[in-house]
Amino acid sequence: MVQLPFGPYLDIVRKELFGALGNDADAESQRMAKYCQRMLSLLRHQLVSAPAIQRRALTRIDGLLDSLCAEVSAIDGGMMLSAALIRHVRKDPDYEQAELALQHAVKLLLSAGTSESTQRLLADISSLTREFEFESYQVTKDDELQTEEPETKEDALNASQIQALEFWLRQKFPSENQLVTGPIKNIVGGGSKKTLIVGLVNTEKLPAEIVLRVDREDGVVGSTVVDEYFLIGLMYQAGMPVPQPYAMETDKDILGAPFVLLERCEGHNIGDWTEVNEPSRGFALDLAQALAKLHQISVDKAGDRLAGTNEATSERMKREIAGFENNWRASGQPMVALELAYAWLREHIDFADGQRAIVHGDVGCHNMLGTKQHLTALLDWETAVAGNPAQDLTYAKHTVEQMMPWDEFLAEYERAGGVLPSDNEMDFYSLWRGVFRMNFQTMARSFFQSGLSTSLIHAYASQYLYRNVAYDLHETVARLYGVRLV
């Protein structure tokens, strides 16, 4: 586990807690306090409990060291690597350096072939790194605040932007010539788009509140609201639970970036990126039906506006795997599980193909609204692609399992017209889920640590969410490499 510099994280935590002290402990302050508390828990873990966990991990690596060095030394270029392993595990114990050497050893073993002894060794390595990740994950899970997930009041729009938006709205909607904006609230959660609830006063046809989504310069996804707007329109026409699209603007001179206006749907987030705070079987059943409906919409209807429409899914996945792997290696953040994951995905790339469908790509509570135990809207289509439905199903699995049994969810999906992917496809996209999510956590960490972003969400993603995603990735890698999980 890479030790992160504490300064930037402590600075933003101090700033947010200071701001919360000026309030009366309302729901917004509680949410910010929860995020700050979780980051502080992880920073404390790195100072207090991580050294002991790392020492135990080094002891486990030491138990494999003789057989590992014997295997690695027989490969060209392996002698120096064996020496590095012995040094960092036995002579000068250093977990970070040992993990980096272990990652290089895994890469060397993967390139040398797949003998029975090599497979056993890779499974053992996967098991011990998974055990380390589990200990690190568990020690920080026991100290969390349980608070609601309301809207935040971070900076929204400045005075000149509000004036420009009002003028634009009157021009775009001629019947709204008396329109002015009311309260504007920034919604926490967008790592790639800025999402605002804009109040409207003196309207004729527009509602009292609309949703404004604006591209962010420090976004980690790389998509634009322009393509998202097209997809939301397609989904709306198909009867999917999505907001009604009102208008789009590509001119950056209005708000500094392209933006879109959408209906504000009824409901609220029943959880966040990893947790369901208001579990409901009815909500999960609605999700099964919505995904089944989505996956029956013809890819052809999206035309060239959807990534992957003009190529086989496996070809798109090859390109994305290569891009994500390059991002990871450029970050300099070692992780044995990622070395194993990328090797497995490349070797089993044919599992990526299957039924072709429009795939949302980020089906979590942070992108869904619910009310009265039902799903009211599936939001944020910025990661949508033409691909395999297994990508959505495996991504949603952790969320679903907090609300109902997984096999019953799949049965409802099938009853609603969805076609169940094969076990091989589900395995492939279960691992892809970890790689996909880890790519964006790594980018968030790099953006925040370099000063390119001062977003609390990027800080939170690169600390707390990073740990959750890493744990999920290690679990899947261990299972696919044949480790018996207990």
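Details of the structure are given in the entry above.
Residues numbered from 1 in each chain as written. Predicted model: local features only at pLDDT ≥ 70, side-chain atom pairs only at ≥ 80, totals over all residues. Heavy atoms only, no water.

Moving on, we get to helix 4 (residues 78-91). Taking 1.5 Å per residue, 14 residues should reach 20 Å; helix 4 reaches 19 Å between its end C-alpha atoms and fits that length. Along helix 4, the positions that sit buried rather than exposed are Gly-78, Leu-81, Ser-82, Leu-85, His-88 and Val-89. The buried residues of helix 4 occupy an angular sector of 145° when the element is viewed end-on, so they sit on one face. Exposed positions of helix 4 whose direction lies more than 90 degrees from the buried face are Met-79, Met-80 and Lys-91. Elements in contact with the buried residues of helix 4: helix 3 (50-73) and helix 5 (95-112). (Helix = DSSP H or I, 4+ residues; strand = E, 2+ residues; numbered from the N terminus. Expected span 1.5 Å × (residues − 1). Buried < 20%, exposed > 50% of the residue type's maximum accessible area, 1.4 Å probe, protein only. Arc of directions from axis to C-beta. Contact = heavy atoms within 4.5 Å.)

Within the open sheet, the five strands sit side by side as 1-2-3-5-4. Their pairing is antiparallel. Where the open sheet ends on each side, the last strands, each with one partner, are strand 1 (180-186) and strand 4 (245-249). Averaged over all pairs of adjacent strands, the angle between strand axes in this sheet comes to 25°, irrespective of strand direction. Sheet topology places strand 2 (residues 193-201) next to strand 3 (residues 209-215); seven bridges connect them, and they run antiparallel. Paired with Lys-193 across the two strands is Asp-215, which belongs to strand 3. (Pairing = 2+ DSSP bridges. Axes fitted to C-alpha atoms, helices over the stretch in contact; angles between N-to-C directions.)

Residues Trp-381, Phe-409 and Phe-428 are the most contacted members of the largest nonpolar core, which totals 108 residues. Per-element accounting of this core gives the leading share, 11 residues, to helix 14 (residues 423-450). When near neighbours in sequence (up to four residues on either side) are disregarded, Phe-428 contacts Met-317, Ile-321, Trp-344, Leu-345, His-348, Ile-349, Phe-351 and Ala-352. (Core = buried A, V, L, I, M, F, W, Y, C linked by side-chain atoms within 4.5 Å.)

Note: strand 7 (residues 368-371) against strand 8 (residues 374-378), four bridges, orientation antiparallel. Within strand 8, the position partnered with Leu-369 by the bridge is Ala-377. Once strand 7 ends, the chain turns through two residues before running back antiparallel as strand 8, passing Lys-372 with a positive phi of about 50°.

Before going further, it helps to spend a moment on the packing of aromatic side chains. In total, this model carries 16 aromatic pairs according to the counting rule given. Look at Phe-324 and Phe-436: their rings are 6.2 Å apart centre to centre, the planes differ by 50°, and that puts the pair in the tilted class. Of the two residues, Phe-324 sits in helix 10 (residues 313-331) while Phe-436 sits in helix 14, which places them 112 residues apart along the sequence. When sorted by exposure, Phe-324 lands in the same class as Phe-436, which is buried. Seen from their ring centres, Tyr-460 and Tyr-464 are 5.4 Å apart, and the 15° between their planes marks the pair as stacked. One end of the pair, Tyr-460, and the other, Tyr-464, are both in helix 15 (residues 456-480), four residues apart, so they sit about a helical turn from each other. According to the relative accessible area criterion, Tyr-460 is buried, its value standing at 0%. The buried category is assigned to Tyr-464, whose relative accessible area is 2%. Linked through ring pairs, Phe-324, Tyr-395, Trp-432, Phe-436 and Phe-440 together constitute an aromatic cluster. Between Arg-130 and the ring centre of Phe-134, over which it is positioned, the NZ or CZ distance is 5.6 Å. The aromatic ring of Tyr-466 is capped on one face by Arg-445, whose charged end is 3.6 Å from the ring centroid. (Phe/Tyr/Trp six-rings, centres within 6.5 Å; stacked < 30°, edge-to-face > 60°. Lys NZ or Arg CZ within 6 Å of the ring centre and 35° of its normal.)

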